[in-house]
Every structure is written in C-alpha cells, then in structure tokens.
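Listed below are the residues making up each chain.
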Amino acid sequence: MKKLLFIVLVAITSVGFSQETIKEGVVLSKQTMSTDNAELQSQLAMVGDIVTTTYFKGNKSRSETNNFMTGTSVTIMDNDNNQMLMTLNNQMVGKKYVLKSMEPSEEDLENITVTKGDETKNILGYECQEYNVEVNKDGVVVKMDIYTTDKLSALSQQSTMMGADIKGFPMYLTMNMNQMGMNLTITQEATEIKKEAVSDDKFDMTPPEGYEKTDNLQGM
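These figures come from a predicted structure and were not determined experimentally.

Visitor: Just to check I follow, could you spell out the overall build of the chain for this structure?
Guide: Helix and strand content of the chain: four helices and 12 strands. Every one of the 220 residues in the chain was classed for burial, and the buried ones make up 39%. Long-range pairs, those at least 24 residues apart, make up 52% of the contacts in the chain with a sequence separation of at least 6.

Given below as structure tokens:
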C-alpha cells in the first residue's frame, strides 16, 4: 500500500510540475511527413524525421531546423518589437533571409478559418486545447488539427501567422493537403521540454553575414 501511495504521489507531483508556466527554456519537436504517392514517399523516407529546437525567453523565441535534405532554417521572433527574422540555407537557393512584421496580412487572414475544438490532449504532462484550422490559398486547401498550451511563453510561426484566434504554443499538429493529386500529411509533436537558461544572443535579429535578402521564403 505504501508503495502504491508513493507512485500516486510521484505521478501527481510530475503533472503539477509540468503544468507550471515556463518563461525560459527549450522545446524539442519532431516532424514527420507521409503521402499516398509511392514515388514521393520514397523521397520523404530519405528526408526522415525533421527535428526542430525552439529556444524561448520571455517574449522572444528562436526555432532551428537542420536536415541534410532540406538544409538549415532559423526563425527568430521578437514579440516586443513585433519583428520576425527567417533565414534559410540549402543547396537549391543558397543563403536567404526575410525580416518582416509578425502581424499577419489581411489577405492571409481572409484565407484562414480557425475554430476552437472540443477536444484536449495531454502532451508531456500539459493539457492542450484543440484548434481546427483551414487554409485556402492558390487553389490548395490545407486542413490542420492543432493542440496548444498557454503554459509556455514560446512563440510559434504557425500560430502567430494565423492571428489572435489561436492561443498558446502548438505541442501537436497534423496538417493534411492535396497537391497535384497527391495526399500529403505532416505531423509535428513536442518530444521534450527543458526548463533552462537561454542566452540573449539566441535572439539577435541582425541578418547573418553572407545572406541575401528576399521577400518570401515560402516554396524555397
């Protein structure tokens, strides 16, 4: 009986710790892609899982993704100044960067429908709220199921660019779309949260040396 009580107390303590608000730390996320097209699926298998590391401190965040097929991308967001710096370095486009406002354009918001869902999902001890999102742009419809927590101060490019209807940091999302007759599913899930000190240097908004400015990194 004492052993059972100890296990229960440990479980309660762990959940309670996970539910605390964290304003500084690191989130690791894993992204996988799949399709019903055999040829494309073989290419996606070569890419493998894509790991994103998100550093956050107060109202600033930095997300880094590095994959031998897709290259290296970094997104830094400063909510105090409403600015976002995105950089991309891969073999196809070279070194490019975009520096712009975090505020989504009216045109983008017109193409997005956000509905607060009825479900919650427990991810790494956090109770996350569901949001259903549909993006209709350039004839392509993208449907997303997103689960967010408001217990992390981290910022996300996905939720930020969808306006104020989505609150919190996405801990889990699935994205479904159809392009050129192929169904594509992207799944992203937080795998680890570390409460630790993060250097202010991570959030330097100065474009890195050797990178060329562009207006849009989408599609690159």
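And the narrative resumes.
Visitor: Help me understand helix α2 (residues 38–47) in this model?
Guide: Working note: α-helix, 3.6 residues per turn, so residues spaced by three or four point in the same direction. Backbone nitrogen of E39 and a side-chain oxygen of the N-cap are separated by 3.2 Å at the start of α2; the cap is N37. Remark: G48 follows α2 within two positions and exhibits a positive phi of approximately 75 degrees.

Visitor: Sorry, what's going on with the nonpolar core here?
Guide: One recurring pattern in soluble globular proteins is that nonpolar side chains are buried together. Core analysis: the biggest nonpolar cluster contains 16 residues, and V133, M144, I146, M162, I166 and M175 have the highest contact counts within it. Within the residue set of this core, elements represented by two or more residues are β7 (112–123), β8 (126–137), β9 (140–149), β10 (169–179) and β11 (182–194). Each residue touching V133, except ones within four places of it in the same chain, is listed here: I112, T113, V114, V142, K143, M144, I146, M162 and I166. Counting residues in hydrophobic clusters, the runner-up holds 13 residues, among them Y126, C128, Y147 and A190.

Visitor: Just checking my understanding: could you explain the environment of T191 for this structure?
Guide: Along the polypeptide, T191 turns up in strand β11. Between the C-alpha atom of T191 and that of V51, which follows or precedes it by 140 residues, the distance is 9.5 Å. Every residue in contact with T191, bar those within four places of it in the chain, is listed here: L28, S29, K30 and L124.

Visitor: I would appreciate a short explanation of a negative patch on the surface in the present structure.
Guide: A grouping of E106, E107, E110 and D138 is seen on the molecular surface, where their side chains present a negatively charged patch. With respect to the helices, strands and loops of the structure, E107 is situated in helix α3 (residues 106–110).

Visitor: How should I be thinking about the pattern of salt bridges in this particular structure?
Guide: For side chains bearing opposite charge, pairing can occur when the charged atoms are close. In the structure shown here, the tally under the stated rule is six salt bridges. As a salt-bridge pair, K202 and E64 come within 3.9 Å of each other at their nearest N and O atoms. One end of the pair, K202, is in the loop between β11 and β12 (212–213); the other, E64, is in strand β3 (residues 60–67), and 138 residues separate them in sequence. A residue is classified by how much of its surface remains accessible, and K202, at 26% relative accessible area, is partly exposed. Accessibility expressed as a relative area gives 23% for E64, which makes it partly exposed. In the salt-bridge network here, residues are joined through shared partners; they are E24, K57 and D200.

Conventions adopted
- Residues numbered from 1 in each chain as written.
- Predicted model: local features only at pLDDT ≥ 70, side-chain atom pairs only at ≥ 80, totals over all residues.
- Heavy atoms only, no water.
- Helix = DSSP H or I, 4+ residues; strand = E, 2+ residues; numbered from the N terminus.
- Buried < 20%, exposed > 50% of the residue type's maximum accessible area, 1.4 Å probe, protein only.
- Contact = heavy atoms within 4.5 Å.
- Polar contact = N/O pair within 3.5 Å; in protein donor to acceptor, adjacent residues only side chain to side chain.
- Core = buried A, V, L, I, M, F, W, Y, C linked by side-chain atoms within 4.5 Å.
- Patch = residues over 30% accessible without salt bridge, like charges linked within 9 Å, V, L, I, M, F, W, Y side chains within 5 Å.
- Areas by Shrake-Rupley, 256 points an atom, 1.4 Å probe, with all protein chains shown as cover.
- Salt bridge = Lys/Arg side-chain N within 4 Å of Asp/Glu carboxyl O.
- Lys, Arg positive; Asp, Glu negative; His and termini not counted.
- Charge placed at Lys NZ, Arg CZ, Asp CG, Glu CD.

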